[in-house]
Amino acid sequence: MIYMPTHFSVADRSNQLDVMRAFPFATLVSVADGLPAFSHVPIVVEERGESIVLRGHVAIANPHWRSWGPEQAVIAVFHGPNGYVSPRLYSVREAVPTWNYIVVHAQGRLRAIEDSEGKERILKALIDIHDVAYRAQWDELGEEFREKMKRG
């Protein structure tokens, strides 16, 4: 369940995509063994027709992924800027404090990518967005090392 007063909700897809791309380190939320589970994941946001596809990476050492089944329901939370608003700032003295924030909740189904080529595409997409200068170095690494990295 997500609490979002309708007067604060923005349904503009373009705006939502802008927020997701500007703040791509999302909190991935699912249920594991009947309890909420969270991982913080770098995400690549892609539009495919009317669909939005999120591609990301979690380490094999992270136990969260072990709870994911085929087509696991998840929510990715993209946190934008936020800030406290003091009642001192209002012209009316009888006011309450609030917290302004920007967040996008993306609900969908998770599909794990297990094959080496699929992992390579995701890693290259993440590198191309977050560390462009590293791409040439990644491409020059030995195959054995890259495969070891992808298994992790």
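Structure shown above.
Rules used throughout
Here, residues in each chain are numbered from 1, in the same order as that chain's written sequence. For this predicted model, a pLDDT threshold of at least 70 governs which residues receive local features, and a threshold of 80 or more governs which side-chain atom pairs are given and counted, while totals over whole chains, interfaces and linings are taken from all residues. Hydrogens are left out, water is left out, and the side-chain values use all remaining heavy atoms of the structure. Exposure categories follow from relative accessible area, calculated using a 1.4 Å probe and restricted to protein chains: below 20% of the type maximum is buried, above 50% is exposed, and the middle band is partly exposed. For the purposes of this entry, the term helix denotes a DSSP run of H or I that reaches at least four residues, the term strand denotes a run of E that reaches at least two, and both are numbered from the N terminus. What the arc covers is the set of directions going from the helix axis to the C-beta atoms. N or O atoms within 3.5 Å of each other form a polar contact, as long as, within protein, one can give a hydrogen and the other can take it, and as long as residues adjacent in sequence are counted only when both atoms are side-chain atoms. At least two DSSP bridges between two strands are needed for those strands to be called paired.

A. Here's a closer look at helix 4 (residues 143-151). Turning to helix 4, its buried residues are Arg146, Glu147 and Lys150. Projected down its long axis, helix 4 shows its buried positions confined to an angular sector of 100 degrees, all on one face. Exposed and facing more than 90 degrees away from the buried side of helix 4 are Glu144, Lys148 and Arg151.

B. Fine view of the side chain of Glu147. Here Glu147 lies in helix 4. Under the relative-accessibility criterion, Glu147 is labelled buried at 19%. At a separation of 2.8 Å, a polar atom in the side chain of Glu147 contacts the side chain of Lys150.

C. View of the pairing of strand 2 (residues 35-48). Examined bridge by bridge, strand 1 (residues 25-32) and strand 2 share eight bridges and lie antiparallel to one another. Of the residues in strand 2, the one forming a bridge with Val29 is Phe38. With six bridges connecting them, strand 2 and strand 3 (residues 51-56) associate as antiparallel partners. Looking at the pairing, Glu47 lines up with Ile52 of strand 3. Between strand 2 and the antiparallel strand that follows it, strand 3, lie two residues; Gly49 among them carries a positive phi value of about 65 degrees.

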